[in-house]
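As a plain string of letters, each chain reads:
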Amino acid sequence: MTTLLATERIKLFTTRSPWWSAFLALGLTIGFAGLVALNHNGGPLRVEHSQFGIQFGLMVVTVMAALAITTEYRFATIRATFQAVPNRTSALLAKTTVVAVLAAVIGEVAAFGSWATVKVIDGGGPELAITTGADWRMVAGAGLVFGIAAVIAVAVGTLVRQSAGAISILLIWPLLVENLVQLIPGAGDDIHNWMPFTVAGRFLNGPGPDAPLSAWGSLFYFAAVAAVLLLAAITAVNKRDA
Amino acid sequence: MTLLAVERIKLFTTRSPWWCTLIALVLTIGFGALMAGTSEENIAPLTIAATQFGYTFGLVVVMVMAALAITTEYRFSTIRATFLAVPNRPTALIAKATVVAVLAAIVGEIAAFGSWGIARLMKPNVDLAINTAYEWRAVAGVGLVYGISAVVAVAVGVLLRHSAGAIAVLLIWNQLVEPLVQLIPKVGDDIHKWLPFNVANKLITGNPDPSTRDVLQGPPPSDAVLGPWPALAAFAGFAVVLFGIALVVANRRDA
Amino acid sequence: MIEAVGLTKSYGKTLAVDNLSFSVPTGRVTGFLGPNGAGKSTTMRMILGLDTPTGGSALIDGKRYRDLHQPLRTVGALLDAKWVHPNRSARAHLQWLARSNQLPAKRVDEVLEIVGLTAVANKRAGGFSLGMSQRLGIAAALLGDPQVLLFDEPVNGLDPEGILWIRKFMHRLAEEGRTVFVSSHLLSEMALTAQELVVIGRGKLISQSSTEDFVAQATENTVRVRGPQLAALRSALGQAGVSIRDEGESLVVSGMDCADIGELAARTQTVLHELSPQRGSLEEAFMQLTGDSVEYHTEIADGPTPATLVPAGK
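Nothing here was measured: the structure is a model prediction, and the numbers come from that model.

Asker: Can you walk me through empty space enclosed by the protein in this structure?
Answerer: Space left empty within the atom packing is revealed by a probe, the size of a water molecule, rolled over the atoms. The final tally for this structure, using the stated rule, is 6 cavities of 30 Å³ or more. Here the largest cavity is characterised by a volume of approximately 230 Å³. Lining the largest cavity we find 19 residues, and of these B:Ala81, B:Leu84, C:Ala77, C:Leu97 and C:Ala140 sit closest to its centre. At the level of secondary structure, the elements contributing two or more residues to the lining of the largest cavity comprise helix H5 (78-85) of chain B together with strand E5 (75-78), helix H2 (90-100) and helix H4 (130-142) of chain C. When residues in the lining of the largest cavity are grouped by element, the largest group, 4 residues, is from E5(C).

Structural data, given as structure tokens:
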């Protein structure tokens, strides 16, 4: 497994898109935190103010993770991969792991970077200190959410095999579908309560009184959705001609 | 005219425009049907605005379709075959943008009137007659916004040349950047008022007699300061400028 | 007639094409020869207005490509057979091209017939073999019945049958009086196809001449001499002022033919075991001319021979 992980690490970092994505994710998230801090007046800045832009990073990382697998299909290097590692399940798991770890690292850097930026600009009162469990979840939890989101993205990328399709689904789903279902009279809110990215958001921002799951329960649910999708992707890869 | 026919042939002899059209219509009209089916007289009344809730679905799918129309040309290098046949690159690209925009507008009109029509069929007792100028804009205006958005998408596609990049920029801009900008203290709201897709929304959601309107009755209203038609003109102006930049870049760049 | 004058293309610090001037005469097949990476494709793209030259210009019948009205009627080109949308049918690909230059729709069927793709015209181009794609590319080039045709490495990757087909096709086009400019990195192929040669290396012009002249100039004729006692002959040859090279037991003489060397051997009473003319191959000549200009040297060419790669003692 270490060999496979090393292989996937080399593959990922010898193309340009992960570098670009990491740069963009950090730039957008931390830059946005800077904008918030610079323009703030009235009331002390709280930890949550520093994390307003975290979704930028999340979306960019999702795109990066999907591209990591769809470009393999695009350039048919997936065939070379499966020639080198005929056990497709391990190959895909190794890729997923490497991508998820990178995503998690980007998430942590983005979250703490945003927080630090706000602290430097604003000086930082006691409200900005990371003290409670909720504070820690909000900042340090970003890496976990990024990592799991990357697993979802790799799974969708594997299933769809096409950059354009995978990215459209991965962006339209959390940004549009999850929000619009709320509008359905009656059932809308109940459906919305179980939408994966919405639930993941509750892990970061606190579950709130109406949420069906606790904070960690929310994260677990998000991870379970990712695991199911990954399982579907692994099944598909093993059944399909490469 | 010849070039329009060329681009029409090119667009309709590949599969993605058909798929995107189908998905856009199904999602939009399907959502319209969902809204109609679940509406209730007192809690969530069915209004013309409410039939158009799914309009954003169609919008993003149409933008993906428009971006793909040009990025796949770069992907498969058919852009070179195009520029060999039509060395005047601006003309070729204007023809493409026109064809894509017209298709997008037609999809928009079908989606909007389809959503409205299906709601009427499902709830024949609710008064859904299109009477006021606002109601006409809320339905018929969808095609205009889709058409202009398609030009924006083609411009972004020409500039970035990659499907993944263009789609990511368009969707993240439209769905994430514009709403998140509002979170910036002090200046956020002022910036948001002038962001292109928010401005475009004004045509659909603007001046609906706000005093009686509940959020549940239609897509969230735009906070753009322009009136509905000037807002559309501003959006069109934005599209034209962006497309102009794309033409200059494509003309100077090696194909 | 295609004319390149001082054509230059640089990407940052890399000079892909360096002050290149040549002309492609009307009504003949002109080969555009150079090792991989010599700048052939870049030059062709500049001729076709796809890439903008950093300096100089390329004119077709006195006009820049981008100034041609309905260019497919003047110039046909096949630069890459894969420049086709994979989900579009062969016929649809030709249809939009024809429409763009207001060519009659029936011309599409004509060119499909010429290249023998009529039976698969409605199949998606993405499923075509390389040979079929190449034919489709040629069909596209022929659409406007142009007088000038450009082909970039048309036989690359083709099977022998496909190569033969393309070769015959080029001849036919030239016989019809068209100007054909075809690039290749294979001299042997060009020797069979082209009447004129433009040879480049590292973006610079190496020679422009007829194929015959190029071969005659470039290939060195040598004679191999083998025998038990060659010292006397060697000094006699040395006095005659020819160049001699030792190759194992034998001498390789250039600048004197077999008859004269035989006479000289008789006069110096040298026993000969072998006296044979050696014709330098076209490939050698090409390597000799462009040797310094190859962008990516391979180690095998002048490094250890394959035999020495086998580990000793096995």
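Asker: Hey, could you run me through the packing of H5(B) against H2(C) in this one?
Answerer: Packed helix pairs are characterised by how far apart their axes lie and by the angle those axes make with each other. The N-to-C vectors of H5(B) and H2(C) enclose an angle of 30°; their axes lie 9 Å apart at closest approach. In terms of orientation, H5(B) and H2(C) fall into the roughly parallel class. The handedness of the crossing between H5(B) and H2(C) comes out as right-handed. Taking contact as the criterion, the partners of B:Thr78, B:Ala81, B:Thr82 and B:Ala85 in H5(B) are, on H2(C), C:Trp96, C:Leu97 and C:Ser100. Class assignment of the residues belonging to the contact of H5(B) with H2(C) gives a composition of 4 nonpolar, 3 polar and no charged.

Asker: Would you mind going over the domain arrangement of chain C with me for this structure?
Answerer: Put simply, an interface is often sized by how much accessible area is lost when its parts join up. On domain assignment, one finds that chain C holds domain 1 (2-74 + 146-217) and domain 2 (221-279). One C-alpha centre belongs to domain 1 of chain C, the other to domain 2 of chain C, and the line joining them spans 42 Å.

Asker: Looking at this structure, I do not really get the UniProt feature "transmembrane region" (unreviewed entry) in chain B. What am I missing?
Answerer: In this structure's numbering, the residues bearing the UniProt feature "transmembrane region" (unreviewed entry) are residues 18-37, 43-72, 93-118, 138-160, 167-185 and 229-250 of chain B. Helix makes up 79% of residues 167-185 of chain B and strand 0%. Its end C-alpha atoms lie 29 Å apart.

Asker: Just to check I follow, could you spell out the interface of chain C and chain B for this structure?
Answerer: In this assembly, 27 residues from chain C lie in contact with 27 residues from chain B. Together, the buried faces of chain C and chain B total about 2500 Å²; carbon and sulfur atoms form 60% of this surface. Our count for the chain C to chain B interface comes out at 1 salt bridge. Viewed at the interface, chain B and chain C are joined by 13 residue pairs in polar contact (both at pLDDT 80 or more).

Asker: Would you mind going over the packing of aromatic side chains with me for this structure?
Answerer: Two aromatic rings are characterised by how far apart their centres lie and by the angle between their planes. A full pass over the atoms with the stated rule returns 16 aromatic pairs over all chains. Through pairs of rings, three or more aromatic residues link up here, namely C:Phe22, C:Phe32 and C:Phe181. B:Lys10 extends its terminal NZ or CZ atom over the ring of C:Trp96, reaching a point 4.3 Å from the ring centre. For the cation-ring pair, C:Arg135 lies above C:Trp165, with the distance from its terminal atom to the ring centre recorded as 4.3 Å.

Asker: Got a minute to help me understand the interface of chain B and chain A in this structure?
Answerer: Across the boundary between the two partners, chain B contributes 29 residues, which contact 28 residues of chain A. Interface of chain B and chain A: buried area, both sides summed, is about 2700 Å²; carbon and sulfur atoms make up 82% of it. The interface formed by chain B and chain A holds 0 salt bridges in total. One can count 0 residue pairs in polar contact (both at pLDDT 80 or more) joining chain B with chain A. Breaking the side of chain B that touches chain A down by element, the ones donating at least two residues are helix H2 (16-38), helix H4 (55-75) and helix H8 (163-181) of chain B. If you tally residues by element for the side of chain B that touches chain A, the top one is H8(B), at 11 residues.

Asker: What's the story with unusual backbone geometry in this structure? I'm lost.
Answerer: In terms of backbone geometry, most residues other than glycine have negative phi values and most peptide bonds are trans. Its identity is not glycine, yet B:Ser77 carries a phi of approximately 60°, on the positive side. Residue class for B:Ser77 comes out buried when judged on its relative accessible area of 14%. Residues other than glycine seldom take positive phi values, yet C:Gln70 does so here, at roughly 45°. Within the secondary structure layout, C:Gln70 lies in the loop between strand E4 (55-60) and E5.

Asker: Looking at this model, I keep getting lost on the sheet that holds strand E6 (residues 148-152) of chain C. Mind explaining?
Answerer: All names here are of chain C. With respect to topology, 6 strands assemble into an open sheet ordered E5-E6-E7-E3-E8-E9, the strand pairing being mixed. A strand with exactly one partner marks an edge of an open sheet, and here the two such strands are E5 and strand E9 (204-210). Pairwise comparison of adjacent strand axes, ignoring direction, gives a mean angle of 15° for this sheet. Taken together, the 5 bridges between strand E3 (residues 29-33) and strand E7 (residues 179-184) define a ladder with parallel strand orientation. Across the sheet, the residue bridging to Leu-33 is Ser-184, located in E7. Helix H1 (residues 40-47) rests against E3, E6, E7 and strand E8 (196-201) of the sheet, and its axis sits at about 150° to E7. Against the sheet, helix H5 (residues 160-175) contacts E3, E6 and E7, and its axis sits at roughly 155° relative to E7.

Conventions adopted
Residues numbered from 1 in each chain as written. Chains lettered and ligands numbered in written order. Predicted model: local features only at pLDDT ≥ 70, side-chain atom pairs only at ≥ 80, totals over all residues. Heavy atoms only, no water. 1 Å grid on protein atoms, 1.4 Å probe; cavity = no way out; pocket = protein on both sides within 12 Å on 5 of 7 lines; lining within 4 Å. Points joined across faces, edges and corners; volume = space filled by probe spheres on them. Helix = DSSP H or I, 4+ residues; strand = E, 2+ residues; numbered from the N terminus. Axes fitted to C-alpha atoms, helices over the stretch in contact; angles between N-to-C directions. Parallel < 35°, antiparallel > 145°, perpendicular 65-115°, else oblique. Left-handed = near helix turned anticlockwise from the far one by under 90°. Contact = heavy atoms within 4.5 Å. Nonpolar A, V, L, I, M, F, W, Y, C, P; charged D, E, K, R; others polar. Domains from an automatic or database assignment. UniProt positions renumbered as here; feature names shortened; annotations may be inferred. Buried area = accessible area lost by both parts, 1.4 Å probe. Salt bridge = Lys/Arg side-chain N within 4 Å of Asp/Glu carboxyl O. Polar contact = N/O pair within 3.5 Å; in protein donor to acceptor, adjacent residues only side chain to side chain. Phe/Tyr/Trp six-rings, centres within 6.5 Å; stacked < 30°, edge-to-face > 60°. Lys NZ or Arg CZ within 6 Å of the ring centre and 35° of its normal. Buried < 20%, exposed > 50% of the residue type's maximum accessible area, 1.4 Å probe, protein only. Pairing = 2+ DSSP bridges.

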